[in-house]
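Report on the structure
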Amino acid sequence: MKLRESKLGGITFISTFDELSNKSQNIVTAFEVCEHLYSYELESFIKESNRVLQDNGILIISVPIMYGLSLLPKVLNRIFLFRKFEYSFFEFLKSLFGLTIDRPSNPKPTHKGFDFRELKKYISRQYQIESMHYSPFPQLPWWLNSQIFFIFKKNI
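Below: a short report on this structure. One numbering rule holds for all chains: residues counted from 1, following each sequence as written. Local features in this predicted model are restricted to residues whose pLDDT is 70 or higher, and side-chain atom pairs enter the listing and the counts only when it is 80 or higher, whereas totals over whole chains, interfaces and linings include all residues. Derived side-chain values reflect all non-hydrogen atoms in the structure, with water molecules and hydrogen atoms excluded from consideration.

**Brief notes about the environment of Met66**
Stated precisely, the cut-off is as follows: Each helix corresponds to a stretch of at least 4 residues labelled H or I by DSSP, and each strand to a stretch of at least 2 residues labelled E; elements are numbered beginning at the N terminus. Three exposure classes are used, based on accessible area relative to the maximum for each residue type with a 1.4 Å probe and protein chains only: buried under 20%, partly exposed in between, and exposed over 50%.
One can find Met66 in the loop between strand S4 (53–64) and helix H2 (71–82). A relative accessible area of 6% means that Met66 is categorised as buried. As for Met66 and Phe116, which are separated by 50 residues in sequence, their C-alpha atoms are 7.9 Å apart.

What follows is the structure in structure tokens.
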């Protein structure tokens, strides 16, 4: 299989890990991807990242924060743009207060129920957390932000 790649400013974007050799990369990124993966896909992504990263390699991941007060404008936006309200009233209230709710069986088209805190725990089993950065208000707590960036360092 031929590796599909494109280059932009010295950065190579790929669509598969298949042709990357072991310990060949110093950084792997996934921006706004992990929240759409089934658990087996996330497991494969972490395994392959671990395989291709050099010993002191860095894994950078950004995902949405779907709990706390930032959920309100996200849900209102989805209602306005797509005429969709995916939450029951109680799921919405629980999410606003940071309490976890079940994910839909198909995570591909939705962010509903995605919990960055669970992703952090899962990835921390194989990587150490170098830092976390909230966006758009880095100085405010997570529940007032809409996105988080994780920087993980490979355990050697």
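So, next bit.
**Remarks on the sheet that holds S4**
For clarity, the threshold we go by: Any two strands with at least two DSSP-identified bridges between them are counted as paired. Structural elements are reduced to axes, namely lines fitted to C-alpha atoms, with helices fitted over the stretch in contact, and the angle between N-to-C directions of any two is expressed from 0 to 180 degrees. Note on contacts: a residue pair qualifies if any of its non-hydrogen atoms lie within 4.5 Å across the two residues.
The mixed open sheet is built from 4 strands, whose spatial order is S3-S4-S6-S5. Every other strand in the sheet has two partners, leaving strand S3 (25–31) and strand S5 (127–135) as the edge strands with one partner each. Taking each pair of neighbouring strands and ignoring which way they run, the sheet shows an average axis angle of 15 degrees. Alignment of S5 against strand S6 (residues 147–154), held across 8 bridges, turns out to be antiparallel. Within S6, the position partnered with Tyr134 by the bridge is Ile148. On top of the sheet, helix H4 (residues 116–123) reaches S4, S5 and S6; it is set at about 170 degrees to S4, its chief contact.

**Re the packing of H2 against helix H3 (residues 89–96)**
What counts, and what does not: The residue classification treats Ala, Val, Leu, Ile, Met, Phe, Trp, Tyr, Cys and Pro as nonpolar and Asp, Glu, Lys and Arg as charged. All others, Gly included, are polar.
Where H2 meets H3, the closest approach of the two axes is 10 Å, and the angle between their N-to-C directions is 145 degrees. Contacts between H2 and H3 involve Leu71, Leu72 and Val75 from the former and Phe92, Ser95 and Leu96 from the latter. Its residues assigned to classes, the contact of H2 with H3 comprises 5 nonpolar, 1 polar and no charged.

**A word on the packing of aromatic side chains**
Given two aromatic rings, one states the distance between the centres and the angle between the planes to describe the pair. To keep it simple, the criterion reads: Centre distance within 6.5 Å is the pairing criterion for rings of Phe, Tyr and Trp, where only the six-membered ring of Trp is used; planes under 30 degrees apart are then read as stacked, over 60 as edge-to-face, and the remainder as tilted. Lysine NZ or arginine CZ positioned within 6 Å of the ring centre and within 35 degrees of the ring normal marks a charge as sitting over the ring.
Throughout the structure, instances matching the rule amount to 10 aromatic pairs. Aromatic pair Phe89 and Phe90: ring centres 5.6 Å apart, planes at 75 degrees, arrangement edge-to-face. A single burial state applies to Phe89 and to Phe90, both of which are exposed. Following the ring pairs from residue to residue traces out a cluster consisting of Phe85, Tyr87 and Phe92. The lysine or arginine in question, Lys112, covers the ring of Tyr87, its NZ or CZ lying 5.6 Å from the ring centre. Over the aromatic face of Tyr67 sits the side chain of Arg117, whose NZ or CZ is 5.0 Å from the ring centroid.

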